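# Notes for the structure review
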Amino acid sequence: VSASAVHTHQTKSNVTCLVLSPCAEYAVAGTQDGEIVGVSVETGATAFLLKGHTSAVTRIIAASECKRIFSASHARDLRAWYRVRSSGSPPMSDVMTNSGSVVSMHLTRNHRTALCGMDTGNIAVWDIATKTCMAVLEGGHAGPVTCVTMSYDENTVLTAGFDGTTIVWTISGGFIRALEGHSG
């Protein structure tokens, strides 16, 4: 296998996370200074610049319809950005504030719910449309939740963290069990 760089792009701050949009139209980079930079895959030029986070962007998810971007940061905020591809209109963002820094994030298939793994060991479950925290899953992790995902039927949540624990949760019933086998 051989590869060569097609385009390079320089941001003014360190890149902390990166995702390719599902339509493969742009790469989206979160930076240490809180900016989100969209780069055209075709040209390598900056396609958009989103400002709003006040600290490092920790996670970015590009929605499957390629019109929204969800981002989280160390400043405890989760943002849903809209209209990032339309020219001439500024991007809008809805802001949801968490009780700790967001370390990991998962978006449901319908883009209505976001799960945020926190540095506090908790998992916040957000309704994106109403901007309300529907639940906080707590008591399972002794440190930052570094990975969070949800089952296809959206009834089961799986989390893992710096404490070496992997936990299975149900949205309705909370903590089910910790999975054994990991150490530190």
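If you're wondering where the values come from, they're calculated on a predicted model, not measured in any experiment.

### Some details on the overall build of the protein chain
From N to C terminus, the protein chain includes zero helices and 16 strands. Contacts in the protein chain between residues at least 24 apart in sequence constitute 31% of all its contacts with a sequence separation of at least 6. Carbon and sulfur atoms form 52% of the exposed surface of the protein chain, whose accessible area is close to 9400 Å².

### A closer look at the sheet that holds strand β9 (residues 102–107)
Pairing within the open sheet is antiparallel, and its four strands lie in the order β9-β10-β11-β12. Two strands lie at the open edges of the sheet, namely β9 and β12 (132–137), each paired on one side alone. When strand polarity is set aside, the average angle formed by the axes of neighbouring strands in this sheet is 25°. Across five bridges, the pairing between strand β11 (residues 123–127) and β12 is antiparallel. Opposite A124, over in β12, you have V136 as the bridge partner.

### Describing the environment of C23
When you line up the elements, C23 lands in the loop between β1 (15–20) and β2 (26–31). Relative accessible area serves as the criterion here: at 36%, C23 is assigned to the partly exposed category. For C23 and S64, which are 41 residues apart along the polypeptide, the C-alpha to C-alpha distance reads 7.6 Å.

### A few points about the nonpolar core
With 17 residues, the main nonpolar core has F70, L78, M105, C116, W126 and I128 as its most contacted residues. Mapped onto this core, the elements with two or more residues apiece are β6 (68–73), β7 (77–82), β9, β10 (113–118) and β11. Among the nonpolar cores identified, the runner-up in size contains 13 residues, and C17, Y26, A62 and C66 belong to it.

### Re the sheet that holds β2
The strand order across the open sheet built from four strands is β1-β2-β3-β4, with neighbouring strands paired in antiparallel fashion. Both edges of this open sheet fall to β1 and β4 (46–50), since each of them pairs with a single strand only. Ignoring strand direction, the axes of neighbouring strands in this sheet form an average angle of 20°. As paired elements, β2 and strand β3 (residues 36–40) share five bridges and run antiparallel to each other. Its bridge partner being in β3, Y26 is matched across the sheet by S40.

### Some words on the pairing of β7
Side-chain positions along a regular strand alternate between the two faces of the sheet. Counted residue by residue, β7 has six buried out of six residues, so it is predominantly covered. Alternating residues of β7 divide into D77, R79 and W81 and L78, A80 and Y82, and every residue in both groups is buried. Here β6 runs beside β7; their pairing, made up of five bridges, is antiparallel. Paired with S71 across the strands is R79, a residue of β7. What sits between β6 and β7 in their antiparallel hairpin is a turn of three residues, with R76 showing a positive phi close to 75°.

### Remarks on the packing of aromatic side chains
Under the criterion given, the structure shown has one aromatic pair. The cationic tip of R109 hangs over the ring face of Y152; the distance from NZ or CZ to the ring centre is 3.8 Å.

Analysis parameters
- Residues numbered from 1 in each chain as written.
- Predicted model: local features only at pLDDT ≥ 70, side-chain atom pairs only at ≥ 80, totals over all residues.
- Heavy atoms only, no water.
- Helix = DSSP H or I, 4+ residues; strand = E, 2+ residues; numbered from the N terminus.
- Contact = heavy atoms within 4.5 Å.
- Areas by Shrake-Rupley, 256 points an atom, 1.4 Å probe, with all protein chains shown as cover.
- Pairing = 2+ DSSP bridges.
- Axes fitted to C-alpha atoms, helices over the stretch in contact; angles between N-to-C directions.
- Buried < 20%, exposed > 50% of the residue type's maximum accessible area, 1.4 Å probe, protein only.
- Core = buried A, V, L, I, M, F, W, Y, C linked by side-chain atoms within 4.5 Å.
- Phe/Tyr/Trp six-rings, centres within 6.5 Å; stacked < 30°, edge-to-face > 60°.
- Lys NZ or Arg CZ within 6 Å of the ring centre and 35° of its normal.

In short, the description is geometric, and any link to function would need to be established separately.
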